[in-house]
There are 2 protein chains.
Amino acid sequence: MRISYRDVKAEILNRIRSNTWPLGTNLPGEIELAKEFGCARATMNRAMRDLVDDGILERKRKAGTKVKQSPVRQAQFSISIVREEVEQAGSVYSYSLIERELIPAPAWLRERIKVAKDAPILHLKCMHYSGKNPYQFEDRWINLDVVPAAREFDFEDVGPNEWLIQQIPFSTGELVFSATNAPESIARFLKAPVDTALFSVERTTWLEDKSVTYAQLYFARDHKMTTYI
Amino acid sequence: MRISYRDVKAEILNRIRSNTWPLGTNLPGEIELAKEFGCARATMNRAMRDLVDDGILERKRKAGTKVKQSPVRQAQFSISIVREEVEQAGSVYSYSLIERELIPAPAWLRERIKVAKDAPILHLKCMHYSGKNPYQFEDRWINLDVVPAAREFDFEDVGPNEWLIQQIPFSTGELVFSATNAPESIARFLKAPVDTALFSVERTTWLEDKSVTYAQLYFARDHKMTTYI
DNA sequence: TAGTGGTCTAGACCACTAT
DNA sequence: TAGTGGTCTAGACCACTAG
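Residues numbered from 1 in each chain as written. Chains lettered and ligands numbered in written order. Predicted model: local features only at pLDDT ≥ 70, side-chain atom pairs only at ≥ 80, totals over all residues. Heavy atoms only, no water.

Per an unreviewed UniProt entry, chain A goes by the name GntR family transcriptional regulator and belongs to Neptunicoccus cionae.

**Focus on the pattern of salt bridges**
All chains considered together, the criterion is met by 26 salt bridges over all chains. D54 of chain B is paired through a salt bridge with K9 of chain B; the nearest N and O atoms lie 3.4 Å apart. Of this pair, D54 of chain B sits in the loop between α3 (41-53) and β1 (57-60) while K9 of chain B is found in helix α1 (residues 5-17), placing the two residues 45 residues apart along the sequence. Here K9 of chain B falls in the buried class, since its relative accessible area comes to 17%. In this structure, E87 of chain B engages R83 of chain B in a salt bridge whose closest nitrogen and oxygen atoms are separated by 3.5 Å. One end of the pair, E87 of chain B, and the other, R83 of chain B, are both in helix α4 (residues 82-88), 4 residues apart, so they sit about a helical turn from each other. For R83 of chain B, a relative accessible area of 27% gives the class partly exposed. Shared partners join several salt bridges into a network, and the residues in it are K9, D50 and D54 of chain A. (Salt bridge = Lys/Arg side-chain N within 4 Å of Asp/Glu carboxyl O. Helix = DSSP H or I, 4+ residues; strand = E, 2+ residues; numbered from the N terminus. Buried < 20%, exposed > 50% of the residue type's maximum accessible area, 1.4 Å probe, protein only.)

**Some points on the nonpolar core**
Ranked by internal contacts, the top residues of the largest apolar core, which has 68 residues, are F155, F177 and F199 of chain A together with F155, F177 and F199 of chain B. With residues near it in sequence (within four places) discarded, F155 of chain B still touches Y95, L97, R100, L122, L124, I142, A150, P160 and W163 of chain B. (Core = buried A, V, L, I, M, F, W, Y, C linked by side-chain atoms within 4.5 Å. Contact = heavy atoms within 4.5 Å.)

**Some words on the protein's contact with DNA strand D**
If you check the shell around DNA strand D, you find 25 residues, and the closest are S4, Y5, R6, A40 and T43 of chain A. For DNA strand D, the fraction of protein-proximal atoms (within 4 Å) that sit in sugar or phosphate groups is 65%. Take I3 of chain A: an N or O atom from its main chain is 3.5 Å from a phosphate oxygen of DNA strand D. Between R41 of chain B and DNA strand D, the recorded distance is 2.7 Å, taken from a side-chain N or O atom to a base nitrogen. (Near = heavy atom within 4 Å. Polar contact = N/O pair within 3.5 Å; in protein donor to acceptor, adjacent residues only side chain to side chain.)

**Concerning the UniProt feature "domain: HTH gntR-type" (unreviewed entry) in chain A**
UniProt's feature table lists "domain: HTH gntR-type" (unreviewed entry) at residues 2-70 of chain A, given in the numbering used throughout. A helix fraction of 49% and a strand fraction of 12% characterise residues 2-70 of chain A, whose end C-alpha atoms lie 33 Å from each other. (UniProt positions renumbered as here; feature names shortened; annotations may be inferred.)

**Focus: the interface of chain A and chain B**
In this complex, chain A contributes 51 residues to the contact, which on the side of chain B involves 52 residues. Summed over both partners, the interface of chain A with chain B buries about 4,700 Å², with 58% contributed by carbon and sulfur atoms. Counting every contact that joins chain A to chain B gives 2 salt bridges. A salt bridge links K224 of chain B to E202 of chain A; its shortest N-O distance comes to 3.9 Å. The interface formed by chain A and chain B contains 20 residue pairs in polar contact (both at pLDDT 80 or more). Going through the elements one at a time, α1 (5-17), α3 (41-53), β3 (73-79), α6 (160-167), β7 (172-181), β8 (197-207) and β10 (225-228) of chain A are the ones with two or more residues in the side of chain A that touches chain B. (Buried area = accessible area lost by both parts, 1.4 Å probe.)

**Things to note about the protein's contact with DNA strand C**
As a structural note, the neighbourhood of DNA strand C is formed by 26 residues, with S4, Y5, R6, A40 and T43 of chain B the closest of them. Of everything in DNA strand C that lies within 4 Å of the protein, sugar and phosphate atoms constitute 64%. R41 of chain B is positioned such that a nitrogen or oxygen atom in its side chain is 3.1 Å from a base nitrogen of DNA strand C. Of all the elements in the fold, those that place two or more residues in the surface near DNA strand C are α3, β1 (57-60) and β2 (64-67) of chain A together with α1 and α3 of chain B. Of the residues forming the surface near DNA strand C, the biggest block, 4 residues, is contributed by α3 of chain B. Of the residues in the surface near DNA strand C, the class split is 6 nonpolar, 7 polar and 13 charged. (Nonpolar A, V, L, I, M, F, W, Y, C, P; charged D, E, K, R; others polar.)

What follows is the structure, encoded as structure tokens:
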């Protein structure tokens, strides 16, 4: 049978786990290893690149490949549309707009996203539900300079999250996860006691070098985010 | 100049962003696209596989390649040793063992990890500090059937996290992120008021099909986990 | 400046799956 | 069962960087 890059990965991991190649070991070069494993150099290369992505090896030209001294595993999880999160859990999704206003960007927001001083910003508050249960409270700011169409959109039926993804798919951004004691203004909508610990996410989105939107998302109490590594 | 897979990726993203290929579009096959772009099929393949990893395309044999209807971005973050998290932030790391006991696994734990009914489990509580500030409270259970060496190790100077990574590098597992109101028993160590919202992580680790360890990690108040997408 | 990884190519065969 | 992606190979040249 021909050697697959998966076989190569598995064997390399075996050698690390079995201490044949302890943490920090310098591995032989691609060509030599490929010969030993009986595969092409490209196959060895793919296996090793994969292991770099997994946080297991380090490679540098000229210096060679070594087993990382301190394994840093890469955890991965997908950020999808709220609707789909809910529906994938087998529940019925619903959405409701709480507030919509057009105001100048407050100072604290201008520290987070780049936006002209007196330009009006669209501020939205909304709720996402899973069946009859609150699922997420969303507090969002949209830069109308970048997404002028938002000015005309009423967001009564479609959430800003879903709408923005259609407008600006695949933009880049930052995600910050943390825990927050629910203030009354949010606890009310999530039907939780004030000060309940809420899992929250701040999301900042850019399109090239322009700030598109900033959002604070608060999940209902006891929300969990799971990933496998 | 020769066409790089990065160029191909960039151009594909351009076409999606510029609506040349709207969400849901079926793309031409690899061979045809490679011809159009003037590169080898392997190059086109690598670009497209990368975009699948990024959550932008979907591919199925025979069916072909399409732009995902709902962009699901893959966020990534690295799970490292607590010591390194602290040191990378430029602080001095220190560690202290609070409690160490050998007891039969409680029932709730046996629901989470597979462990013999009357086998003794090593239970550890410890604190990690960043400079003089509390950084993380760790409540850990170690399966001695799988890691018998832990029975002899005192964990006075080295945390279980760090020790286990040396023993069983690159094991697989589950991570669950959530928010918790600090109970008194934990708040005390993190120097936070009772009920403060804490960012917390549960980690379950397997080695092949055996449960190695289960840990609940509670970060100090206002802890944030950041990632870029 | 030499050694190592990074990437491209052209060609081939295989595996899955829509129809 | 035919079409599309998945992967392997052998060979080549390039780019970065340790010594």
